[in-house]
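An overview of the molecular structure
In case you want the letters, here they are:
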Amino acid sequence: MLTPDMQQRLNNQLNAELYSSYLYLSMSAYFESADLGGFANWMRVQAREELMHAMKFFDYVNSRGGRVALQPIEGPATEWKSPTDAFEEVYGHEQKVTGLINALASSAVAESDHATNSFLQWFVNEQVEEEESANRILRNLKLVGSDGTGLLMLDRELSQRVFTPPAAEGEAGAA
Ligand SMILES: [Fe+2]
Ligand SMILES: [Fe+2]
């Protein structure tokens, strides 16, 4: 069984993952409005990944006999000054989420909740990738600067991203 404290922390993280999904979906709408369909696609895929993260917490709390309690999801911003401005927020947000995951893992260790700590290791590794990909795109945007051709080339690259569901278990799988 999860302790009440751990159950609350996991529910909070479920909410943070849903907020991440909402934020990136909002950014997808922003990029659509800026005629950058590749960026919009990248954000749309990112929003689905975050929803998958939320479902991992949903499934994990249930599998431990806990109770999922959904909370209100904060409203994300709807406008950004530029693609660089949006990706500054993505990178900052992912760094913040890494901090949340690390704090959660530390509390699992402190409680000797080894199952939860083990579950969280997937997220520890995932955050390394999340920060790296956000930072790479941010650095590319800074290189491109005000060069429209460079921005369109980057947009074309980001149009290639496809959502990959976790191995054979569907989007809500516990893989
Ligand atoms: Fe996430
Ligand atoms: Fe993320």
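Residues numbered from 1 in each chain as written. Chains lettered and ligands numbered in written order. Predicted model: local features only at pLDDT ≥ 70, side-chain atom pairs only at ≥ 80, totals over all residues. Heavy atoms only, no water.

Let's talk about the coordination of the iron ion (ligand 1)
Threshold: Each metal's donors are the N, O and S atoms within 2.8 Å of it, or within 3.2 Å when it is Na, K or Ca, and because water is not part of the set, sites may look incomplete. The helix count covers DSSP runs of H or I at least four residues long, the strand count covers runs of E at least two residues long, and both are numbered beginning at the N terminus. Between buried and exposed lies partly exposed: a residue is buried under 20% and exposed over 50% of the maximum accessible area for its type, with that area taken using a 1.4 Å probe on protein chains only.
The iron ion (ligand 1) binds to the protein through E17 (OE), E50 (OE) and H53 (ND1), with metal-donor distances spanning 2.1 Å. Sequence spacing among the residues donating to the iron ion (ligand 1) works out to E-x32-E-x2-H. Here the iron ion (ligand 1) and the iron ion (ligand 2) are spaced 3.4 Å apart, linked through E50, which binds each one. Of this pair, E17 sits in helix α1 (residues 4-33) while E50 sits in helix α2 (residues 37-63), and the two are 33 residues apart along the sequence. With respect to class, E17 is no different from E50; both count as buried.

Notes on α2
Rules: Expected helix span is computed as 1.5 Å times (number of residues minus one).
Its 27 residues give α2 an end-to-end C-alpha distance of 39 Å, which sits within 8% of 39 Å, the value for a rise of 1.5 Å per residue. A positive phi of about 75 degrees marks G65, the residue just after α2.

Details of the coordination of the iron ion (ligand 2)
Applicable threshold: For a four-donor site, all angles between 85 and 135 degrees give tetrahedral; for four or six donors, opposite pairs above 155 degrees with the remaining angles between 65 and 115 give square planar or octahedral; all remaining cases count as irregular.
Only E50 (OE), E94 (OE), E94 (OE) and E130 (OE) from the protein coordinate the iron ion (ligand 2), and they sit 1.9 to 2.6 Å from it. Of note is the iron ion (ligand 2), whose four donor atoms meet at the metal with angles of 54 to 151 degrees in an arrangement that counts as irregular. Mapped onto the sequence, the donors of the iron ion (ligand 2) take the spacing E-x43-E-x35-E. Owing to a relative accessible area of 1%, E94 belongs among the buried residues under this scheme.

Details of the pattern of salt bridges
Which entries qualify depends on this criterion: Here a salt bridge means any side-chain nitrogen of Lys or Arg lying within 4 Å of a carboxyl oxygen belonging to Asp or Glu.
Enumeration over the complete set of coordinates arrives at five salt bridges. Salt-bridge contacts for R9 lead to D5; the nearest nitrogen and oxygen are separated by 2.9 Å. Taken as a pair, R9 and D5 lie in helix α1 at a separation of four residues, close to a single helical turn. The class for R9 is partly exposed, based on a relative accessible area of 34%.

Description of the packing of aromatic side chains
Put simply, the test is: Aromatic pairs are defined between Phe, Tyr and Trp rings, using the six-membered ring for Trp, whenever the two ring centres lie within 6.5 Å; interplanar angles under 30 degrees are classed as stacked, those over 60 as edge-to-face, and all others as tilted. For a ring to carry a charge above it, either NZ of a lysine or CZ of an arginine must fall within 6 Å of the ring centroid while also lying within 35 degrees of the normal to the ring plane.
For the structure shown, the criterion picks out 11 aromatic pairs. Here the aromatic cluster, defined as three or more aromatic residues joined through ring pairs, consists of Y30, F31, F39, W42, W80 and F87. Between the NZ or CZ atom of K56 and the centre of the ring of W122, over which it lies, the distance is 4.1 Å.

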